[in-house]
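Observations on the three-dimensional arrangement
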There are 2 protein chains.
Amino acid sequence: MKNYVIGLDLGGTNIRAAAVTRGGEILHRVKIPTEVANGRERVIANILKVIDKIKKELKGLKLSAVGMGIPGIIFFNKGIVAQSPNFPDWIDFNLRERLSKNLALPFYIDNDANLAAAGEGWLGAGKKFNSFCMLTLGTGVGGGIVLNKNIWRGEYGMAGELGHITIYPDGHPCPCGNKGCLEQYASATGIVRMAMEGKEKFGVWSSEFGEKDITADMVYQLAKKGNKDALEIFQKMGRILGIGIADLINILNIELFVLGGGVANAWDYFIPSTIDEVRKRAYRITGEGVKVVKAELGDDAGIFGAVYMAMNELKSSGVVELRS
Amino acid sequence: MKNYVIGLDLGGTNIRAAAVTRGGEILHRVKIPTEVANGRERVIANILKVIDKIKKELKGLKLSAVGMGIPGIIFFNKGIVAQSPNFPDWIDFNLRERLSKNLALPFYIDNDANLAAAGEGWLGAGKKFNSFCMLTLGTGVGGGIVLNKNIWRGEYGMAGELGHITIYPDGHPCPCGNKGCLEQYASATGIVRMAMEGKEKFGVWSSEFGEKDITADMVYQLAKKGNKDALEIFQKMGRILGIGIADLINILNIELFVLGGGVANAWDYFIPSTIDEVRKRAYRITGEGVKVVKAELGDDAGIFGAVYMAMNELKSSGVVELRS
């Protein structure tokens, strides 16, 4: 019987899932609202509903395992959500144990940014590379490190917090407790803050867009029109990203950096500054060959990564041999 | 016949070497001047002389391989010295090829800081840990990353340049081309510069010691006497080191940091600031369990690391099975 694995992406708004074969073929997709506001048990019920829908759809096939990505701090080995920005009441919540009551299947969770990196490494921008770093530039900055085709998780499964590399030791406070983190500059939130710092310009801009609050997309639209102030914000953001990437090059001698997330859409406006900064700051020999590329899988990276992780865990646990 | 491996530490002043068994027992030691000023061929001749001396001393035993640590940028896979501060004329010098003319033995070289980390991981402060970072605080700041008991070398064998993590993007220029590198603050050179920045104090201090130039040791001796300005320099240096360590924790979720090199002798004066800064800046969960400890093997770390590396390379190449 043909096997498949379900990959889930547990977002704050939607649960997105797909049934995927070992060869990376998507057999079926499901998307339903997460319903965070209705409490933890409703979210759990919705996760189970998604899995059930897929199982019913693929009756003749065998579901081998379920993998899921969640934003936040995840104890990978134990399947515990330590904390998650989308689910404030999930503190040290043993999600694997909770789901095992209803799900007689191997079930694995990991940080969503780690899984996006795993997905890009399996089927996307990183597939020809053994080792690379992925930075997801969204509301925050997520990170994932792939070393020799495996996610590097570190001691507690919390490695790859690349958004929390310190750029300016006395810089803007970060909710993580540090100051001047990469995330405070190279994210949508950072772009909005940098725009807000130019007050008069902010007034001009928002009125131009008939909006009250400035958004990262507004700054992007302005940059597209050639607005000098908006372009400067992306240049600054690009330079700061370059400082972080140069650090990673000097530390890890990694040759590929994959950039995903919504902010990466402003590629043309920040990437020249990023490359310039990397060239200036990284060791010459290790910096010269570095490639910085766009992620290829978009929103599906996390789903594919969840599948890839679950397949690897199955293999290393010896539970079952997957057939494509 | 009992086997042994020779580990060499190629310093700017001396070549230090030891014959070591697989069990880590030192059978014989040799130390001779490097004679850098007499040119490259003289240094090569001296390396061969050291190996010859040991072979003669241990006639009844079998020499399996030679490992050597060199400061600078080393192409590990090819055995090439890309550049070295101690040997300015060794640019892209294929040391392995050069030595193979005179040495019918497997021969491996690596960066000295990488090998210090490997040595501490084998027999020193890191031996009970699978993964750790080592920082060698000397004239500069060397680094080595051990992941799952192996040195992480990256794409070209140049990973672990932990002294070149950017701390202050607009900080003091570093000879590596970057600005505000960790090395510019957490090294003997950095300590001297920070002391020089307080000009009047500098005058008072040097006269107190009857010296013209200020040295890191002078600052250390002053700190020992309770001199407030000297203590402040070590506190500043400690905080900056903490920023770098916090970065490594957030990136790699590493639990052990081993500090070696001469500057680490000022431990009591900088380490409280380092720990304080790590607690403030690293992710809470990953930072809490972190241990920062002194290196245990002193100058021998590099020699043991060279032996450990050579043994591992022999094993993975399948050339010979080592017997202790």
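Residues numbered from 1 in each chain as written. Chains lettered and ligands numbered in written order. Predicted model: local features only at pLDDT ≥ 70, side-chain atom pairs only at ≥ 80, totals over all residues.

Focus on the overall build of chain A
The criterion, for reference: Strands are runs of DSSP state E lasting at least two residues, helices are runs of H or I lasting at least four, and both sets are numbered from the N terminus onward. As a rule, residues whose C-beta atom has 12 or fewer other C-beta atoms within 10 Å are exposed, those with 20 or more are buried, and those in between are partly exposed; C-beta atoms are placed from the backbone. The contact criterion used here is simple: two residues whose C-beta atoms, placed from the backbone, lie within 7 Å are in contact.
Secondary structure assignment for chain A yields ten helices and 13 strands. For chain A, with 324 residues in total, the buried portion stands at 52%. Of the contacts formed within chain A by residues at least 6 apart in sequence, a portion of 63% connects residues at least 24 apart.

A few points about the relation of the copies chain A and chain B
Superposing the two chain copies requires a rotation about an axis and a translation along that axis. What counts, and what does not: Least squares is the method used to superpose the copies, on C-alpha atoms of residues holding a pLDDT of at least 70 in both.
For the match of chain A to chain B, the screw axis carries a shift of 0.0 Å, the RMSD comes to 0.1 Å, and the turn is 180 degrees. Between the two chains, the operation in question is that of a two-fold axis. Mapped onto chain B, 100% of the interface residues of chain A are again interface residues, and the two copies thus contact each other with one and the same surface.

Quick word on the interface of chain A and chain B
Quick reminder of the rule: Lys, Arg, Asp and Glu make up the charged group, whereas Ala, Val, Leu, Ile, Met, Phe, Trp, Tyr, Cys and Pro make up the nonpolar group; the residues left over, Gly among them, are polar.
Taken together, the contacts link 34 residues of chain A with 34 residues of chain B. For the side of chain A that touches chain B, the leading source of residues is helix α7 (residues 228-252) of chain A, giving six residues. Of the residues in the side of chain A that touches chain B, the class split is 18 nonpolar, eight polar and eight charged.

Remarks on the packing of helix α4 (residues 188-197) of chain B against helix α7 (residues 228-252) of chain B
All names here are of chain B. Put simply, the test is: Between N-to-C directions, angles span 0 to 180 degrees; the directions come from axes that are lines fitted to C-alpha atoms, helices contributing only their stretch in contact. Angle categories: roughly parallel below 35 degrees, roughly antiparallel above 145, roughly perpendicular from 65 to 115, and oblique for all the rest. Each helix crossing is assigned a hand: it is left-handed if the near helix lies turned anticlockwise from the far helix by less than a right angle, otherwise right-handed if that turn is clockwise.
Running from N to C, α4 and α7 cross one another at 130 degrees; their axes reach a closest spacing of 10 Å. It follows that α4 is oblique to α7 by the angle criterion. Regarding α4 and α7, the two cross each other, and that crossing is right-handed. Contact residues: Gly-190, Ile-191, Met-194 and Ala-195 in α4; Ile-233, Lys-236 and Met-237 in α7. Broken down by class, the residue content of the contact of α4 with α7 amounts to five nonpolar, one polar and one charged.

Focus: helix α10 (residues 300-317) of chain B
Quick note on the threshold: In a helix, the anticipated span is given by 1.5 Å times the number of residues less one.
For α10(B), built from 18 residues, the straight-helix expectation of 26 Å at 1.5 Å per residue is met to within 8% by its first-to-last C-alpha distance of 26 Å. Along α10(B), 13 of the 18 residues are buried, which leaves the element largely enclosed by surrounding structure.

Thoughts on the sheet that holds strand β7 (residues 93-94) of chain A
Note the following rule: The criterion for strand pairing is that DSSP finds at least two bridges linking the strands in question.
Pairing is antiparallel across the open sheet formed by three strands, whose spatial order is β5-β6-β7 (chain A). Both edges of this open sheet fall to β5 (73-75) and β7 of chain A, since each of them pairs with a single strand only.

A look at the sheet that holds strand β2 (residues 14-20) of chain A
All names here are of chain A. The strand order across the open sheet built from five strands is β3-β2-β1-β4-β8, with neighbouring strands paired in mixed fashion. Two strands lie at the open edges of the sheet, namely β3 (26-33) and β8 (107-111), each paired on one side alone. With direction set aside, neighbouring strand axes in the sheet form an average angle of 20 degrees. Each of β1 (3-10), β4 (62-70) and β8 touches helix α3 (residues 112-123); the most contacted strand, β8, lies at about 100 degrees to it. Along the sheet, helix α10 (residues 300-317) makes contact with β1, β2, β4 and β8, crossing β4 at roughly 125 degrees.

Some thoughts on the nonpolar core
Selection rule: Note on definitions: a nonpolar core is a set of buried residues drawn from Ala, Val, Leu, Ile, Met, Phe, Trp, Tyr and Cys, linked by C-beta atoms within 7 Å.
By size, the foremost hydrophobic cluster in this structure holds 213 residues, and its most contacted members are Leu8(A), Ile191(A), Ala310(A), Leu8(B), Ile191(B), Val219(B) and Ala310(B). In this structure, Val219(B) is in contact with Ile191(B), Ala195(B), Ile214(B), Ala230(B) and Ile233(B), ignoring residues within four places of it in sequence.

Regarding the domain arrangement of chain A
Residue and element names in this part refer to chain A. Short version of the rule: For every domain, the bounds stem from an assignment made automatically or drawn from a database.
You can read the domains of chain A as domain 1 (3-116 + 299-317) and domain 2 (128-294). Centre-to-centre, using C-alpha coordinates, domain 1 lies 28 Å away from domain 2. Listed as interface residues are ten residues of domain 1 and, on the opposing side, twelve residues of domain 2. Among the secondary structure elements, those contributing two or more residues to the side of domain 1 that touches domain 2 are β5 and α3.

Considerations on the environment of Asp112(A)
Summarising the element assignment, Asp112(A) is placed in helix α3. It is 19 Å that separates the C-alpha atoms of Asp112(A) and Leu48(A), two residues lying 64 residues apart in sequence.

So, unusual backbone geometry
Residues and elements named next belong to chain B. In this structure, Asp-92 is a non-glycine residue whose phi angle is positive, near 50 degrees. As for its placement among the helices and strands, Asp-92 is situated in the loop between β6 (80-83) and β7 (93-94). Asp-92 sits in the exposed class, given 12 other C-beta atoms within 10 Å. For Lys-149, which is not glycine, the phi torsion reads 70 degrees and is therefore positive.

Here we look at the packing of helix α6 (residues 216-224) of chain B against α7(B)
Residues and elements named next belong to chain B. At a minimum axis distance of 7 Å, the contact between α6 and α7 shows a crossing angle of 115 degrees. In terms of orientation, α6 and α7 fall into the roughly perpendicular class. In this structure, α6 meets α7 at a crossing whose hand is left-handed. Contacts from Val-219, Leu-222 and Ala-223 in α6 reach Ala-230, Leu-231, Ile-233 and Phe-234 in α7.

Notes on the pairing of strand β10 (residues 141-147) of chain B
Residue and element names in this part refer to chain B. With six of its seven residues buried, β10 lies for the most part within the structure. Pairing of strand β9 (residues 132-137) with β10 involves six bridges; the strand directions are antiparallel. By the bridge assignment for β10, Cys-133 is matched with Ile-145. What sits between the antiparallel neighbours β9 and β10 is a turn of three residues. The turn linking β10 back onto strand β11 (residues 150-151) is made up of two residues, and Asn-148 within it adopts a positive phi angle of 50 degrees.

Some details on the confidence of the model for chain A
Residues and elements named next belong to chain A. Filter applied, for reference: You can read pLDDT as the predictor saying how much it trusts each residue, on a scale of 0 to 100.
When the pLDDT values of chain A are averaged, the result is 92; 97% of them are 70 or greater. Overall, residues 320-324 carries pLDDT values under 50, and its contacts beyond four positions in sequence, including any with other chains, amount to 13 contacts. Across the assembled chains, the prediction reports ipTM 0.93 with pTM 0.93.

Thoughts on the pairing of β3(A)
Residues and elements named next belong to chain A. As judged from the seven bridges shared by β2 and β3, these two strands associate in the antiparallel manner. Residue pairing for β3: Ala-17 is matched across the bridge by Val-30. Once β2 ends, the chain turns through five residues before running back antiparallel as β3, passing Gly-24 with a positive phi of about 90 degrees.

Brief notes about the environment of Asn3(A)
All names here are of chain A. Tracing the backbone through its elements, the reader meets Asn-3 in strand β1. A tally of 18 C-beta atoms within 10 Å means that Asn-3 is categorised as partly exposed. Considered as a pair, Asn-3 and Gly-226 are 223 residues apart in the sequence and their alpha carbons are 52 Å apart.

Observations concerning α6(B)
Residues and elements named next belong to chain B. Rules: By construction, the arc corresponds to the directions joining the helix axis to the C-beta atoms.
The set of residues buried in α6 consists of Ala-216, Met-218, Val-219, Leu-222 and Ala-223. Viewed along the axis of α6, the buried residues span an arc of 160 degrees, placing them on a single side of the element. Phi turns positive, to about 90 degrees, at Gly-226, one or two residues after α6.

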